[in-house]
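# Notes for the structure review
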Amino acid sequence: MHKLSSSKTGPLLGSITVPGDKSISHRALIMGALAVGESKISGLLEGEDVLGTASALRALGADIYKDDNTVWHVHGVGIGGLREPEISLNMGNSGTGVRLLMGLVATHPIQVTFTGDSSLSSRPMKRITNPLEIFGAKFSGNSEGTLPIKVIGAKSPIPILYEMPMASAQVKSAIMLAGLNTPGRTTVVEKFATRDHSERIFKYFGVPIVIDEDNIHVSGHAELTARDMTVPADPSSASFLVVAALITEGSDLTIKNVGMNPARIGLFETLLDMGGQIYFENKRQSCGEDISDIHVKYSKLKGIKVPHERAPSMIDEYPVLCAAAANAEGNTIMRGINELRVKESDRIAVMVKGLKASGVNVIEHDDGMTVSKSEVIGGTLVETHLDHRIAMSFLILGLNSKESISIDDGRVIETSFPGFKDLMNSLGAQICS
Ligand code: S3P
């Protein structure tokens, strides 16, 4: 077992950065693989999820390698140039990797089988295959619509207009990628705005894309321009450090070069509403994305009702918000977040179980949870169900717990935040095997 435990700790102090943004890293590799010429990517997240996408793109024909200065070089095949892989593509734990690549190959005349680990193999894929079928792609797999799935790409794809039935940037992006090798104009109608990294990176690589109100129109068969990119640090990874500093007395941290895409910063807005001392410094723009340094200090927090409409902009951050909420005066009410039930784990059920076992007062709702200020007792071993964000959230909760909090498997953290334990410990945390 690869157990990790965290214990009550002194102040967290320092100025650091966190690994590159996972969402942008997947997309940078994919766009580089479609552009003719060489794209150089700095700051790429070298977590297992993104490395899995790089391997899959190699199997589809792109040439991708890292040089001695940790810059990634991607030689693309041009839109329409993907080749049929000789092997099935194992996407490990990565929902973003598999869903974006299913979209990409669905409009190429090739057949590709996708597999994944037990967590990914239990996640819903019909949300992806339904719209891709309208382009003309076919899918073979089990009746539940879960992996493994073979994609039989459309030979003559037809453009679609698709109204999103749920708030999902992965589904939106899969459709946009399918639209790239489809003649004419593909339109996604998005009532609830989700992260717009695909829209931004499409523009950056020269795809004709028009956004009018809720409609995103992508013109197919454009020629992509190879571009160099610097990936900002991941705000979702920074969130663990921000919450850690807010709940650990005397802490004062700066996290540099963090992506500040407005559709990703809902947790920071929520923590500010809760009374967190968080300051955004040195605001700037790079490669089509907003960036800033985050300065955060220990704070006395108060519970709030998190606005429903904020959910898409902090969808990955509810688990770590629970750690802040357990240390915040009163109740923190999180509703309208059913999508958490189909993430790497059922994040509502798994958080509620682990919080209760750690002595935190929590109520489970169909569509969320309410967490109240508690004396966190700990002394627990939490099951993480192959979910990196559950693993890190409980390690953060353990920093201000009477007895230590352990998680059953720390390896899964490698999917999004390689070096998490060492980075935390370099700031003064006590996380050990
Ligand atoms: C992501 C979109 C979100 C998020 C995931 C990354 C992306 O998933 O939870 O971690 O990069 O597009 P959904 O699209 O399922 O909301």
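What comes next concerns the included structure. (Residues numbered from 1 in each chain as written. Predicted model: local features only at pLDDT ≥ 70, side-chain atom pairs only at ≥ 80, totals over all residues. Heavy atoms only, no water.)

### Side note on the pattern of salt bridges
Within this structure, the stated rule accounts for 27 salt bridges. The salt bridge partner of R264 is D21, with a shortest N-O separation of 2.9 Å. Of the two residues, R264 sits in the loop between strand 15 (252–259) and helix 8 (266–273) while D21 sits in the loop between strand 2 (13–16) and helix 1 (22–34), which places them 243 residues apart along the sequence. There is no split in this pair, since R264 and D21 are both buried. (Salt bridge = Lys/Arg side-chain N within 4 Å of Asp/Glu carboxyl O. Helix = DSSP H or I, 4+ residues; strand = E, 2+ residues; numbered from the N terminus. Buried < 20%, exposed > 50% of the residue type's maximum accessible area, 1.4 Å probe, protein only.)

### Quick notes on the site of the ligand
In the region of the ligand, the neighbouring residues are K22, S23, R27, T96, A167, S168, A169, Q170, R195, I315, D316 and K343. S23 places a side-chain nitrogen or oxygen 2.7 Å from an oxygen atom of the ligand. Note that an oxygen atom of the ligand is positioned 2.7 Å from one of the side-chain N or O atoms of K343. Among the detected pockets, the ligand sits in the largest pocket. When residues of the shell around the ligand are traced back to their parent elements, those giving at least two are helix 1 and helix 5 (169–180). (Near = heavy atom within 4 Å. Polar contact = N/O pair within 3.5 Å; in protein donor to acceptor, adjacent residues only side chain to side chain. 1 Å grid on protein atoms, 1.4 Å probe; cavity = no way out; pocket = protein on both sides within 12 Å on 5 of 7 lines; lining within 4 Å. Sits in = over half its atoms within 2 Å of the grid points.)

### Brief notes about the environment of D293
Turning to its location among the elements, D293 is positioned in strand 17 (residues 289–297). Its relative accessible area of 10% is what places D293 among the buried residues. The spatial distance from the C-alpha of D293 to the C-alpha of E281 is 5.0 Å, given a sequence separation of twelve residues. Setting aside residues up to four positions removed in sequence, D293 forms contacts with T254, I255, K256, N257, Y279, F280, E281, N282 and R284. At 3.3 Å, the side chain of D293 forms a polar contact with the side chain of N282. (Contact = heavy atoms within 4.5 Å.)

### Remarks on the sheet that holds strand 8 (residues 138–140)
One open sheet accounts for four strands, arranged 6-7-9-8; its pairing is mixed. Among the strands making up the open sheet, the edge pair consists of strand 6 (89–90) and strand 8. Of the strands in this sheet, strand 7 (111–115), strand 8 and strand 9 (149–152) touch helix 3 (residues 95–106), which is tilted by about 170° from strand 7. (Pairing = 2+ DSSP bridges. Axes fitted to C-alpha atoms, helices over the stretch in contact; angles between N-to-C directions.)

### Quick word on the nonpolar core
Ranked by size, the top nonpolar core spans 74 residues in total, and within it L241, L271, L321, M334, I396, F420 and M424 carry the most contacts. When residues of this core are assigned to their parent elements, the largest contribution, nine residues, is made by helix 7 (residues 235–247). Setting aside anything within four residues of it in sequence, one finds I396 in contact with F240, V243, A244, I247, A323, F420 and M424. (Core = buried A, V, L, I, M, F, W, Y, C linked by side-chain atoms within 4.5 Å.)

### A look at empty space enclosed by the protein
Summed over all chains, the structure comprises two cavities of 30 Å³ or more. Of the pockets and cavities examined, the largest cavity occupies roughly 40 Å³. Taken together, I24, H197, R200, I201, M229, C287, G288 and E289 make up the lining of the largest cavity. If one sorts the elements of the lining of the largest cavity by residue count, helix 6 (residues 197–204) sits on top with three residues. Residue composition of the lining of the largest cavity, grouped by class: four nonpolar, two polar and two charged. Each of two domains, domain 1 (4–20 + 232–432) and domain 2 (22–230), supplies a minimum of three residues to the lining of the largest cavity. Roughly 30 Å³ of internal volume is contained in the second largest cavity. Along the walls of the second largest cavity sit R27, I30, M31, L100, L177, S198, I201 and F202, which together make up its complete lining. The set of elements that each furnish at least two residues to the lining of the second largest cavity consists of helix 1 and helix 6. Its residues assigned to classes, the lining of the second largest cavity shows six nonpolar, one polar and one charged. (Points joined across faces, edges and corners; volume = space filled by probe spheres on them. Nonpolar A, V, L, I, M, F, W, Y, C, P; charged D, E, K, R; others polar. Domains from an automatic or database assignment.)

### Examining helix 5
When the terminal C-alpha atoms of helix 5 are compared, their 17 Å separation across twelve residues agrees well with the 16 Å that a helix rising 1.5 Å per residue should span. Burial analysis of helix 5 places twelve of its twelve residues in the buried class, the great majority of the element. All of the buried residues along helix 5 are A169, Q170, V171, K172, S173, A174, I175, M176, L177, A178, G179 and L180. Capping the start of helix 5 is the job of one residue whose side-chain oxygen sits 3.3 Å from the backbone nitrogen of Q170: S168. (Expected span 1.5 Å × (residues − 1).)

### A short note on the pairing of strand 1 (residues 4–7)
Successive side chains on a regular strand alternate, one facing one side of the sheet and the next facing the other. Bridge count for strand 1 against strand 24 (residues 405–407) is three bridges, and the pairing is antiparallel. Residue pairing for strand 24: S5 is matched across the bridge by S406. Pairing analysis gives three bridges linking strand 1 to strand 25 (residues 430–432), with the strands arranged antiparallel. The residue bridging S7 from the neighbouring strand is Q430, located in strand 25.

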